[in-house]
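Okay, here's what each chain looks like letter by letter:
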Amino acid sequence: TQLHGIFTCKRFTCAAEQAIASLPHPAVVAKPPPRPQAPLSALAEDADLHLRELAFAARQYAVATAEQPDDYDALYNHGLVLQELSGKLQPASAEQAAMLRQACSRYEAALLLKPSSHAALYNWGVALSDLARSVKPSSPAEAVAALHLASQKYAESLQLHPRNPQALNNWGLVLQELSADARDWAERHALVRSAMDKFRLALRSRPDFDRGCYNLGTVFYTFAMALQSDTGGWPAPVERCVAAAVTGIAVTVHAACFLRNISSMRFACGKNKSVERLCMHVPKRT
């Protein structure tokens, strides 16, 4: 995943930068035994200057949005800062999940002011995907709900900014992850096919998009492995042959991805036009 419109510290004044830089370094300043701190307070005293700047920015945006709740830019940038800071916290911790939920609330508030912001919708989807990973070990149901909502936000973002390869790729990843928890093979198959369509569209929008190529290979491979391991639902030799064929296609696409070039994928496929069509064709919906 990738944030759209990453916040930069260029907005700070020189005085603010000097104030941030003057914060005490925890490794050299003698302190009493540390007391438990809120995540933002702890990050504000981190040795990394960039983290201290982000923590400072988060506090400034919190003040700005409290004073001017109709400031779209402040709400949107606050969400970006919180989302980036959440990646510095302990993975799957309550603090990380809480910060991601707060980032989601900032994007939601920003969209109430500017419903046409595809960037806010896209980053809301990214934050929800991050939240799903964070809460999955402790709350699988919340993780699934976050993934479904992320799928919705990517779809809404693409309505405003069609053919965005990163949004298509991320949407495909969400659908692929949802397929792992599908109730039955019919649901899993539908989710996997939809994920394949998203990766193909991403490649058609940007043919040199190596991550989309890699993820297309991954979804082929994982689905083939699931087919092969399910001895109850697919016992017939014909289905086993189909699974083996899909595995072969996945290996071909994976090999092409190492070259990071879509033309190399066509070269790896050689004269096998059916493989090339499978990789690049988006079925028409009726």
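Parameters at a glance
Residues numbered from 1 in each chain as written. Predicted model: local features only at pLDDT ≥ 70, side-chain atom pairs only at ≥ 80, totals over all residues. Heavy atoms only, no water. Helix = DSSP H or I, 4+ residues; strand = E, 2+ residues; numbered from the N terminus. Buried < 20%, exposed > 50% of the residue type's maximum accessible area, 1.4 Å probe, protein only. Contact = heavy atoms within 4.5 Å. Salt bridge = Lys/Arg side-chain N within 4 Å of Asp/Glu carboxyl O. pLDDT = per-residue confidence, 0-100. Axes fitted to C-alpha atoms, helices over the stretch in contact; angles between N-to-C directions. Left-handed = near helix turned anticlockwise from the far one by under 90°. Polar contact = N/O pair within 3.5 Å; in protein donor to acceptor, adjacent residues only side chain to side chain. Expected span 1.5 Å × (residues − 1).

Considering the overall build of the chain
When its secondary structure is counted, the chain shows 13 helices and zero strands. Its helices and strands taken in sequence order, the chain reads α-α-α-α-α-α-α-α-α-α-α-α-α from the N to the C terminus. Among the 286 residues that make up the chain, the fraction classed as buried is 45%. For the chain, restricting intrachain contacts to residue pairs at least 6 apart in sequence, the fraction spanning at least 24 positions comes to 62%.

Quick word on the pattern of salt bridges
Tallying each qualifying case throughout the model produces five salt bridges. We note a salt bridge from D130 to R133, for which the minimum N-O separation is 2.3 Å. Within this pair, D130 and its partner R133 are both found in helix α6 (residues 118-135), separated by three residues, close to a single helical turn. By relative accessible area, R133 is classed as partly exposed at 43%. Between R183 and E187 there is a salt bridge whose closest N-O contact spans 2.9 Å. Judged by its relative accessible area of 75%, R183 falls in the exposed class. Judged by its relative accessible area of 25%, E187 falls in the partly exposed class.

Considering the confidence of the model for the chain
When pLDDT is averaged along the chain, the result is 76, and 66% of the positions lie at 70 or above. Here residues 6-37 is a poorly scored stretch, pLDDT under 50, and it has 38 contacts once near neighbours within four places are set aside; other chains count.

A look at the side chain of S179
Of note, S179 is situated in helix α8 (residues 165-179). The class for S179 is buried, based on a relative accessible area of 6%. Excluding anything up to four places from it in sequence, S179 contacts R188, L191 and V192.

A word on the packing of helix α3 (residues 49-67) against helix α4 (residues 72-86)
A pair of packed helices is captured by two measures, namely the crossing angle of their axes and the spacing between those axes. As a packed pair, α3 and α4 sit with axes 9 Å apart at the nearest point and diverge in direction by 145°. In the crossing of α3 with α4, the sense of the turn from one axis to the other is left-handed. Between α3 and α4, the residues in contact are H50, L51, L54, A55, A57, A58, Y61, A62, A64 and T65 and A74, L75, N77, H78, V81, L82, E84 and L85, respectively.

Some details on the environment of T65
Relative to the helices and strands, T65 resides in helix α3. Measuring from C-alpha to C-alpha, the distance between T65 and Y76 comes to 10.0 Å, with 11 residues separating the pair along the chain. Look past the residues within four positions of T65 in its chain and what remains in contact with it is A74, L75, H78 and R106. Polar side-chain contacts of T65 include one of 3.1 Å to the backbone oxygen of A62.

Here we look at α8
Helix length check: α8 (15 residues) gives 21 Å between terminal C-alpha atoms against 21 Å at 1.5 Å per residue, within 8%. With respect to burial, α8 is a largely interior element, 13 of its 15 residues being buried. Where α8 starts, the residue carrying a side-chain oxygen 3.2 Å from the main-chain nitrogen of Q166 turns out to be N164.

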